[in-house]
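# Residue-level structure breakdown
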Amino acid sequence: MNWQHFNGKILVRITWGRKLRIPKRKHQSLRFGVCYVEECLIGIHRALDRSWVPRFFVEYVVFHEMLHLKHPPRRKNGRDNLHHEKFVAAEKKFPDYDMAMCWEKDNLNRLFFF
């Protein structure tokens, strides 16, 4: 992923993480990955380590988290904007972006049963 999408310039370790559940809100969701910028570490949710989860989706999650290293948060109105305009534009360049978004929408409920 690093060489394919970032010309080998993103130095990061990637590991399977613990359960990365976002606190309950109106709609429950999973945090598929997390990027610890200071440690140059990406954690991927273990729910994605299943035979029926397609490789392109895991690659999309890794790509998304790597983008946090390339496009750090921007301050806006006193808050960190993690997914600013430049980040979102870069994210949509992932070759299987549309397919990943469709797969996530169709399979999110299955992933909750980890």
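Keep in mind the model is a prediction, meaning the values are calculated, not measured.

## Examining the overall build of the chain
- When you go through the chain residue by residue, the secondary structure sums to 4 helices and 5 strands.
- Counting helices and strands in the order they occur from the N terminus, the chain gives α-β-β-β-α-β-β-α-α.
- Expressed as a percentage of the 114 residues in the chain, the buried residues total 40%.
- Put simply, of all contacts in the chain between residues at least 6 apart along the chain, 63% involve residues at least 24 apart.

## Observations regarding the environment of R31
- Locating R31 in the fold gives a position in the loop between β1 (13–17) and β2 (33–36).
- On a C-alpha basis, the gap between R31 and I44 in space is 8.6 Å, while along the polypeptide they are 13 residues apart.

## A word on helix α2 (residues 55–70)
- Between the first and last C-alpha of α2 there are 22 Å, a value that for 16 residues agrees with the 22 Å anticipated at 1.5 Å per step.
- For α2, the tally of buried residues reaches 12 of 16 residues, placing the bulk of the element in the interior.
- Within α2 the residues assigned to the buried category are F56, F57, V58, Y60, V61, V62, F63, H64, E65, M66, L67 and H68.
- Contacts made by the buried residues of α2 are with α1 (2–6), β1, β2, β3 (41–45), α3 (85–91) and α4 (97–111).

## Description of the nonpolar core
- Of all hydrophobic cores here, the largest spans 27 residues; its most connected members are F32, L48, V53, F57, Y60, V61 and L111.
- Elements represented by at least two residues in this core include exactly β3, α2, α3 and α4.
- Residues in contact with V61, not counting those within four places in the same chain, are F32, G33, I44 and L48.

## Looking at the packing of aromatic side chains
- Taken as a whole and assessed by the stated rule, the structure comprises 8 aromatic pairs.
- Their ring planes at 40° and their centres at 5.1 Å tell us that F63 and F94 sit as a pair that is tilted. Placement of the pair is F63 in helix α2 and F94 in the loop between α3 and α4, with a sequence separation of 31 residues. For the residue pair F63 and F94, the accessibility class agrees, reading buried in each case.

## With respect to α4
- Of all the bends in α4, the greatest measures close to 45° and is centred on K105.
- When α4 is considered as a whole, its buried residues turn out to be Y97, A100, W103, N107 and L111.
- Residues of α4 that are buried sit in contact with α2 and α3.

## Here we look at the side chain of H64
- Within the fold, H64 resides in helix α2.
- For H64, a relative accessible area of 12% puts it in the buried group.
- Here H83 takes part through its side chain, which lies 3.2 Å from a polar atom of the side chain of H64.
- Among the polar contacts made by the side chain of H64, one reaches the side chain of E91 at a distance of 2.6 Å.

## Notes on a positive patch on the surface
- There is a patch of like positive charges on the surface, built from K9, K70, R74, K86 and K93.
- Counting through the fold element by element, K86 comes out in helix α3.
- Judged by relative accessible area, which is 48%, K86 ranks as partly exposed.

The rules behind these values
- Sequence order sets the numbering: in each chain, residues are counted from 1 along the sequence as written.
- Reporting of local features is limited, given that this is a predicted model, to residues whose pLDDT is at least 70; pairs of side-chain atoms are given and counted only at 80 or more, and all residues count toward the totals for whole chains, interfaces and linings.
- Water and hydrogen atoms play no part in the side-chain values, which are based on all heavy atoms of the structure.
- By definition, any uninterrupted DSSP run of H or I lasting at least four residues is a helix, any uninterrupted run of E lasting at least two residues is a strand, and each is numbered from the N terminus.
- Each residue is placed in one exposure class: buried if its accessible area under a 1.4 Å probe, protein chains only, is under 20% of its type's maximum, exposed if it is over 50%, and partly exposed if it falls in between.
- Every residue pair with non-hydrogen atoms within 4.5 Å of one another is taken to be in contact.
- For a helix, the expected span equals 1.5 Å multiplied by the number of residues minus one.
- Buried Ala, Val, Leu, Ile, Met, Phe, Trp, Tyr and Cys residues that are joined via side-chain atoms within 4.5 Å together make up what is termed a nonpolar core.
- Note on ring pairs: Phe, Tyr and Trp rings are taken, using the six-membered ring of Trp, and paired if centres are within 6.5 Å. Classes follow the plane angle, with under 30 degrees stacked, over 60 edge-to-face and the rest tilted.
- Think of it this way: the bend at a residue is just the angle between two axes, each fitted to seven residues, one set ending at that residue and the other starting at it.
- Under the rule applied, a polar contact is a pair of N or O atoms within 3.5 Å (in protein, one hydrogen donor and one hydrogen acceptor; residues adjacent in sequence only if both atoms are side-chain atoms).
- Think of a patch as exposed residues, more than 30% relative accessible area, with no salt bridge, where like charges cluster within 9 Å and nonpolar side chains (Val, Leu, Ile, Met, Phe, Trp, Tyr) cluster within 5 Å.
- In short, Shrake-Rupley with a 1.4 Å probe defines the accessible areas, and a residue's cover is counted only from the protein chains shown.
- Any carboxyl oxygen of Asp or Glu within 4 Å of a side-chain nitrogen of Lys or Arg constitutes a salt bridge here.
- A positive count includes Lys and Arg, and a negative count includes Asp and Glu. His and the chain ends are not counted in either.
- All charge positions are set by atom: Lys at NZ, Arg at CZ, Asp at CG, Glu at CD.

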